[in-house]
Each structure stands twice: as structure tokens, then as C-alpha cells.
Amino acid sequence: MSSQLRWGVNKYQDASGRMSPALMRARSKYATRNIVTGILLTGFVVSVYTYAATATGRDDFSDVPMPPIPEDTLQQLQSDRANLESKAASLAASSPVTKKK
């Protein structure tokens, strides 16, 4: 924002756009409270994230029965995997990356 407002001169910024001493004085009494609020909000967000990550990590799905995979689907998945592994091996063999000695 420029130092000129629609209605005249901006009293809170000098010509270069920096805060004026008046704005610094007006904001100084809120600085500590804003810092404390920011720390509290950050701590709350981190604690919620940590709780959610650890709570989902403790889930045990061993009691959930897995339905059997049909034989034709299993064979298709195995052939797809074999094809991908052979492609990966051929790409790795033809890679121009030099090995470190």
C-alpha cells in the first residue's frame, strides 16, 4: 500500500512504506499479548495433530476379517507385479547414472 490514501496522507507509514513512530507506539502494547496468543494457538494445533497421529497409530485392525481375493484377480495382480518389476529392473540396468567408487 502506498503512503498516500484516497483521503490524504497515511499517518501510520512514512514515504518509504515503513511504520511510523506513532504506529509503533500504538502496536507496542499488543505485542506481548499477540506473541502469547500465537504461541498458545501453535501449541494447541501441534497437540491436536500429535494426538490424532498417535491415536490412529494405535488402531489395531487384526479383528477385522479380510474377504478372500478371487483366484483370477490374484493371478492378474501377480502378473502385473511381475511386469512392473521386470520393467523396473530393465530401467535400472539401462540407467546412465554413474556409480560412486
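The coordinates are above.
So, a few notes on the structure that sits alongside this text. (Residues numbered from 1 in each chain as written. Predicted model: local features only at pLDDT ≥ 70, side-chain atom pairs only at ≥ 80, totals over all residues. Heavy atoms only, no water.)

## Regarding the overall build of the chain
A count of helices and strands for the chain gives two helices and two strands. Counting from the amino terminus, helix and strand elements in the chain follow one another as β-β-α-α. The burial tally for the chain puts 4% of its 101 residues in the buried class. (Helix = DSSP H or I, 4+ residues; strand = E, 2+ residues; numbered from the N terminus. Buried < 20%, exposed > 50% of the residue type's maximum accessible area, 1.4 Å probe, protein only.)

## A word on the pattern of salt bridges
As enumerated under the stated definition, the model contains one salt bridge in all. Among the salt bridges present, the one from Arg81 reaches Glu85, with a minimum N-O distance of 3.1 Å. With Arg81 and Glu85 both in helix α2 (residues 71-93) and four residues apart, the pair spans about one turn of that helix. According to the relative accessible area criterion, Arg81 is exposed, its value standing at 57%. (Salt bridge = Lys/Arg side-chain N within 4 Å of Asp/Glu carboxyl O.)

## Things to note about a nonpolar patch on the surface
A surface patch of nonpolar side chains, amounting to about 300 Å² of accessible area, comprises Phe44, Val45 and Val48. If you trace the backbone, Val45 turns up in helix α1 (residues 21-57). Taking relative accessible area as the criterion, Val45 reaches 54% and is therefore assigned exposed. (Patch = residues over 30% accessible without salt bridge, like charges linked within 9 Å, V, L, I, M, F, W, Y side chains within 5 Å. Areas by Shrake-Rupley, 256 points an atom, 1.4 Å probe, with all protein chains shown as cover.)

## Focus on the environment of Ser28
Considering the arrangement of structural elements, one finds Ser28 in helix α1. A relative accessible area of 46% means that Ser28 is categorised as partly exposed. For Ser28, the side chain forms a polar contact with the main-chain oxygen of Arg25, separated by 2.9 Å. (Polar contact = N/O pair within 3.5 Å; in protein donor to acceptor, adjacent residues only side chain to side chain.)

## Considering α1
Over its 37 residues, α1 runs 52 Å from end to end, which matches the ideal 54 Å to within 8%, given 1.5 Å per residue. A maximum bend of about 45° is found in α1 at Tyr30. (Expected span 1.5 Å × (residues − 1). Bend = angle between axes of the 7 residues up to and from the residue.)

## Quick notes on the side chain of Ser20
By the secondary structure assignment, Ser20 is in the loop between β2 (8-9) and α1. Judged by its relative accessible area of 9%, Ser20 is buried.

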